Amino acid sequence: MRDEKDVVKLRADDREVSWERPSRPGLSASRLPAHNVTIEGWVVEWLALHWQMPAASIDTRRPLVEQGLDSMGAMRLTYDLEQWLGLPLTLSFLWEQRTIESLARALASPDTLFCLSPVSDAGDAAERLASDTAPASPGQRRLWRLMRPVPDSPRFHVHFGLRFDGPLDVDSLKLGLEELVRRHEALRTTFREGDGALTQVVSPAARLELPVVDLRGGGAPEEALDSSSFRAMNDAQARAPFDVATGPLMRAALVILAEQTHVLLVTQHRLITDGPSLGVFGRELASLYRVFQAGVPSPLAPPARQPGDVARWQHRWSTSDAARQQREYWRARLEGAPPLSLTSRWTHEEDAGGQGGLVRFEVPVALTAAWKSLASTEGATLFTALSAVFAALLRQVSGQEDVLVGTVVANRGRRELRDVVGLLSNTVALRCDLTGNPSFRELLRRHRLRTTEDLGHQELPFDEVAASLPHGLQVACVFESATGVDLSIPGMSCTLLSDTPDASVPGLARQALTLLLREDLAGLRGAFEYAAAVFHHAEVERLARAFRHLLGRIVEAPDARLDELALSDEAPRQAPGGGPARTSGTADSSA
């Protein structure tokens, strides 16, 4: 009799297809290669359901990215293949195969499958039990190097608030925070440098200090939230330095604004967290609060992996054939990429951050929905579409048609990494081809194809990628989604508060220019973060207005060519080659 766990069901509307897990004598039940024809059929049926199109129209020999598979779809396909085959797959492995035919051949080979090792194994577990230290990850080593000149700078902090409206049980909240610290080693980690090596040191679980500050003044909660007392405390909490050698690298404080309005302020060092980690933090805190308030133990299973496991695996992976292939991909991809210049004060140094500023803007729900529709029509994600708009803006400002834009990726393509709290994210360089004055729709198609491939090679540490960029990478577009974070607590409203879309500390810059975007239920929150040594505030205000202008113009006329999508009259602009642009409005060359 067949076990239900050996059957994977795919469902789309009223159709359901079941595939039995392949079996082969003599192989472990968790590592069972299937015949390539069987795998081809499974992938074709999966894509037919995903795309809502006839299976006969899918070409197994044509590159998947050319047929419309985007990065989000690829992640779902990878995950479902993992579930069906019982194998640890990666997003980069899927993209390296390119076609369904080559993917099926690779997955049918035991030699290939056995090379796809999980992030940790029994050897890692034994090493973890024998020691409270682990090597720093490549991302932590890169951040450490950037910290050296300014070790106490709050530019390496993440700061946010959780607003609770309702009857808050402070004891349950504190128990939830303490349980998070116990569960996740990153929240108990400090760093030690010796003999040229950086090491993570995990301390035993400790009680978390949670000072409570009462700022009730008799007025409305919004008045207290906007008061100078709260703003001063919030800023001090965000900017106070951490001692990375002694820790802790997370602090929290609870502020009472009214009888039933509280704000939990949380600050973490970037060495121990990233965007997806904040999602795990919020989701688990809400869950733990609910169960502790009910007086029952935590139902959460122990994390499958800890940051030390990931760092050890990354060190092993760096010598693998997959890492070699990614190095070759990036060398070819970035060959001849030109430096970008947006102002006369532009710097090509790798670390152009420091003192800076922030220009915020919002995109309403209706316009956000229009952009989602446009992106979906071209098989692209919202991030891909918005980063293409950013590239178009850079073209009109700089006059350059070959533009590099950095982005931060979760780097969690393996299923065992999705609930890890720690610095796993990585920087990826996206090379944007804007040659030939294409229509925006054509630009989006180009950008989707190449961005999907670039994101499929996101595991190589950016320090290695940057070796191919002598002029550095000084422009970035970072997208965060808060729509999937579950902060629900019965009887209370819980709202995420942050001064910036990615919870960075305002008034500082990590790069010369970064477009920060976050989607939530109210639409898109955006901000341009800029280095004061490179931009004047007024210049960036004009950039923000020009970006919003483009968002409106493009959804009205996506088939218009880039030169026809006139920027707002105040926007700085150049033509390709550096001369004045021929667009409507008055040119402003101050930027």
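Predicted model, so just to flag it, every value in this text is computed and none were measured.

Caption draft 1: Structural view of the overall build of the protein chain. Counting its secondary structure elements, the protein chain contains 18 helices and 17 strands. Burial status across the protein chain gives 56% buried among its 591 residues. Expressed as a percentage of contacts within the protein chain between residues at least 6 apart in sequence, the contacts between residues at least 24 apart total 74%. If you sum the accessible surface of the protein chain, you get close to 24,700 Å²; carbon and sulfur atoms cover 51% of it.

Caption draft 2: Inspection of the pattern of salt bridges at higher detail. Applying the stated criterion across every chain, the model contains 32 salt bridges. Between Arg-231 and Asp-226 there is a salt bridge, with the nearest N and O atoms lying 3.5 Å from each other. Glu-328 is paired through a salt bridge with Arg-324; the nearest N and O atoms lie 2.7 Å apart. Within this pair, Glu-328 and its partner Arg-324 are both found in helix 13 (residues 321–334), separated by four residues, close to a single helical turn. Owing to a relative accessible area of 39%, Glu-328 belongs among the partly exposed residues under this scheme. The class of Arg-324 is partly exposed, set by a relative accessible area of 36%.

Caption draft 3: Structural context of the nonpolar core. Counting residues in hydrophobic clusters, the biggest one holds 73 residues, and the most contacted among them are Trp-371, Phe-390, Leu-393, Phe-440, Phe-528, Phe-535 and Phe-547. With 12 residues, helix 15 (residues 382–398) is the single largest residue contributor to this core. Counting 47 residues, the second largest nonpolar core, distinct from the first, contains Leu-143, Leu-173, Leu-271 and Met-492.

Caption draft 4: Focus on the sheet that holds strand 3 (residues 133–135). An order of 3-6-5 is seen for the three strands of this open sheet, with the pairing classed as antiparallel. Each edge of the open sheet carries a strand with a single partner, namely strand 3 and strand 5 (189–194). Geometrically, the sheet is characterised by an average inter-axis angle of 30° between neighbouring strands, direction not taken into account. Where strand 5 meets strand 6 (residues 197–202), six bridges bridge the pair, whose relative direction is antiparallel. Directly across from Thr-190, in strand 6, lies its bridge partner Val-201. Sheet strands touched by helix 7 (residues 138–147): strand 5 and strand 6. Its angle to strand 6, the strand with the most contacts, is close to 110°.

Caption draft 5: Examining the packing of helix 13 against helix 16 (residues 440–455) more closely. Look at helix 13 against helix 16: their axes get within 11 Å of each other, and the N-to-C directions meet at 145°. Along its contact with helix 13, which presents Tyr-329, Trp-330 and Arg-333, the element helix 16 presents Arg-450, Glu-453 and Asp-454. Residue classes in the contact of helix 13 with helix 16 are distributed as two nonpolar, no polar and four charged.

Caption draft 6: Summary view of helix 8 (residues 170–183). Compared with the 20 Å implied by 1.5 Å per residue over 14 residues, the 20 Å span of helix 8 between its first and last C-alpha is a close match. Of the residues making up helix 8, those classed as buried are Ser-172, Leu-173, Gly-176, Leu-177, Glu-178, Glu-179, Leu-180, Val-181 and Arg-183. For helix 8, the elements touching its buried residues are strand 4 (157–165), strand 8 (250–258), strand 9 (261–269) and helix 11 (275–293). In this structure Asp-169 caps helix 8, since a side-chain oxygen of it lies 3.2 Å from the backbone nitrogen of Asp-171.

Caption draft 7: Here's a closer look at empty space enclosed by the protein. Applying the stated criterion across every chain yields a total of five cavities of 30 Å³ or more. Estimated volume of the largest cavity: approximately 110 Å³. Residue lining of the largest cavity: 14 residues in total, with Pro-339, Leu-340, His-471, Gly-472 and Gln-474 positioned closest to the centre. Here the lining of the largest cavity takes three residues from strand 11 (residues 402–409), the largest share from any one element.

Caption draft 8: Representation of the packing of helix 8 against helix 11. Where helix 8 contacts helix 11, the axes come no closer than 8 Å and their chain directions differ by 130°. Judged by the inter-axis angle, helix 8 sits oblique to helix 11. Every pair of crossing elements has a handedness; the one defined by helix 8 and helix 11 is right-handed. Residue-level inspection shows Ser-172, Leu-173, Leu-175, Gly-176, Leu-177, Glu-179, Leu-180 and Arg-183 of helix 8 in contact with helix 11, the latter providing Phe-281, Glu-284, Leu-285, Leu-288, Tyr-289, Phe-292 and Gln-293. Across the contact of helix 8 with helix 11, the residue classes break down as nine nonpolar, three polar and three charged.

Cut-offs applied
Residues numbered from 1 in each chain as written. Predicted model: local features only at pLDDT ≥ 70, side-chain atom pairs only at ≥ 80, totals over all residues. Heavy atoms only, no water. Helix = DSSP H or I, 4+ residues; strand = E, 2+ residues; numbered from the N terminus. Buried < 20%, exposed > 50% of the residue type's maximum accessible area, 1.4 Å probe, protein only. Contact = heavy atoms within 4.5 Å. Areas by Shrake-Rupley, 256 points an atom, 1.4 Å probe, with all protein chains shown as cover. Salt bridge = Lys/Arg side-chain N within 4 Å of Asp/Glu carboxyl O. Core = buried A, V, L, I, M, F, W, Y, C linked by side-chain atoms within 4.5 Å. Pairing = 2+ DSSP bridges. Axes fitted to C-alpha atoms, helices over the stretch in contact; angles between N-to-C directions. Nonpolar A, V, L, I, M, F, W, Y, C, P; charged D, E, K, R; others polar. Expected span 1.5 Å × (residues − 1). Polar contact = N/O pair within 3.5 Å; in protein donor to acceptor, adjacent residues only side chain to side chain. 1 Å grid on protein atoms, 1.4 Å probe; cavity = no way out; pocket = protein on both sides within 12 Å on 5 of 7 lines; lining within 4 Å. Points joined across faces, edges and corners; volume = space filled by probe spheres on them. Parallel < 35°, antiparallel > 145°, perpendicular 65-115°, else oblique. Left-handed = near helix turned anticlockwise from the far one by under 90°.

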